[in-house]
Amino acid sequence: MEPADLSALQEQALEELDRARTLAELEAVRVKYLGRKGLLPAIMEKLGDLPPAERPIVGRSANAFKENFAQRLNVCREQLERNRGGVVPKRAWDPTLPGLWRGMGVRHPIAQIMEETIQIFDRLGFTIADGPDLETEWHNFDALNTPADHPSRDTQDTFWLTDTLLLRTQTSPVQIRVMESRPPPVRIIAPGRCYRRDTTDATHSANFHQIEGLYVDRNVSLADLKGDLTYFARALMGSEVKVRFRPHFFPFTEPSVEYDFSCHVCGGKGCRVCKNSGWIEISGAGMVDPKVFHNVGYDPEQWTGYAFGMGVERLAMIKFGIDDIRLLYDNDARFLEQFA
Ligand code: DAH
């Protein structure tokens, strides 16, 4: 018996296994090759007659034969058992086998920031409000006191779908929808998607997220705004974070401010992330402009309120130390699983 003969025999044996159509046929093939009087034991028996130099070679081939045969036998047996009258025999399923681990998903950093922000404002009595991504010009601009010639209305910034319908450029229209639908007092936050015709780079994306806040009641003041946003900053980033408010302009608030966090990467000393200023801009905010109250039918003599709109990507980037906004949209599992 030469090794070449053995491999031909193995070929033949495996083919016969494949051809077996019943478990009985399969068993017959097994007996023919591996049975006590089978072909393989016969070969093994004659191993001693071979010249000593050939013995280990043929012996190894015979063992490989045996292994391959046993493996194919198992596969064929399993297939036949599975197909037998459509009934799965009890032993075909082994509950002690380890399962297939496909990895645990994690919540996206944007979703984590939104949920955490919702929880923090929930503690201050804010409930969640919602509005459509496809907005009217009235809700996104007019009612928010944005003049007709304001640059943000330009087709450069806004995705217009028709003359009066657009993809909202901010979550602020949710303020209008809420105030149009219920009387004061109001205390809501509105997380959601926004769209602008921005060219994508490390800090810009045409599709991003904001969280809008609106608090209307009697005697709401700028001190409430500063106190609540400072509370939010510490709850989200830790008590070391400093906040500052800078005068600014928005059409729908008066006075308006911009609200910055001290840079958590350098602790305020100045670094690449904060462009050496020590501060990172988080949000626009201010006291609701009386014209906006007028537009929704609230009496500005009775009611005052503050509003803010924060960039969620910004918050995620500084909280998690992410230096490129595009990472948040690539959905690379190796990146995302770091936020478990
Ligand atoms: N909507 C503004 C923006 O996208 C942000 C903003 C500023 C929201 C002031 C507000 C606010 O509610 O009071 O730039």
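Since the model is a prediction, treat every value here as computed from it, not as a measurement. (Residues numbered from 1 in each chain as written. Predicted model: local features only at pLDDT ≥ 70, side-chain atom pairs only at ≥ 80, totals over all residues. Heavy atoms only, no water.)

A closer look at helix 8 (residues 222–237)
With 16 residues, helix 8 ought to run about 22 Å at 1.5 Å a step, and its terminal C-alpha atoms sit 22 Å apart, in line with that. Elements that come into contact with the buried residues of helix 8 comprise helix 5 (109–123), strand 6 (243–250), strand 7 (253–262), strand 8 (279–288), strand 9 (304–311) and helix 10 (312–320). One or two residues past the end of helix 8 sits Gly238, with phi positive at roughly 105°. (Helix = DSSP H or I, 4+ residues; strand = E, 2+ residues; numbered from the N terminus. Expected span 1.5 Å × (residues − 1). Contact = heavy atoms within 4.5 Å.)

Digging into helix 7 (residues 173–181)
Turning to helix 7, its buried residues are Pro173, Val174, Gln175, Ile176, Val178 and Met179. Tucked into the core, helix 7 has its buried residues touching strand 2 (134–136), helix 6 (137–142), strand 4 (186–195), strand 5 (207–217), helix 9 (290–296) and strand 9. (Buried < 20%, exposed > 50% of the residue type's maximum accessible area, 1.4 Å probe, protein only.)

A few points about the domain arrangement of the chain
For the chain, the assigned domains read domain 1 (3–86) and domain 2 (109–339). Averaged C-alpha coordinates put domain 1 and domain 2 at centres separated by 72 Å. (Domains from an automatic or database assignment.)

Some points on the site of the ligand
As a structural note, the neighbourhood of the ligand is formed by 15 residues, with Gln170, Ser172, Arg196, Gln210 and Glu212 the closest of them. For the ligand, an oxygen atom lies 2.6 Å from a polar atom in the side chain of Glu212. In this structure, Ala307 approaches the ligand through a main-chain N or O atom, which is 3.1 Å from an oxygen atom. Coverage of the ligand by the protein chains reaches 91% of its 360 Å² of free accessible surface. Listing elements by their share of the shell around the ligand, those giving two or more residues are strand 5, strand 8 and strand 9. Grouping the amino acids of the shell around the ligand by side-chain chemistry returns five nonpolar, eight polar and two charged. (Near = heavy atom within 4 Å. Polar contact = N/O pair within 3.5 Å; in protein donor to acceptor, adjacent residues only side chain to side chain. Areas by Shrake-Rupley, 256 points an atom, 1.4 Å probe, with all protein chains shown as cover. Nonpolar A, V, L, I, M, F, W, Y, C, P; charged D, E, K, R; others polar.)

Overview of the pattern of salt bridges
This structure, assessed with the given rule, holds 15 salt bridges. Its salt-bridge partner being Arg19, residue Glu15 comes within 3.8 Å of it at the nearest N-O pair. Of this pair, Glu15 and Arg19 both sit in helix 1 (residues 3–19), four residues apart, roughly one helical turn. Among the ionic pairs, Glu27 bridges to Arg30, the shortest N-O distance being 2.9 Å. A residue pair is termed a helical-turn pair when its members lie 3 or 4 positions apart in one helix, as Glu27 and Arg30 do in helix 2 (residues 23–34) at three residues. Residues joined in a network through salt bridges with shared partners are Arg244, Arg246, Glu258 and Asp260. (Salt bridge = Lys/Arg side-chain N within 4 Å of Asp/Glu carboxyl O.)

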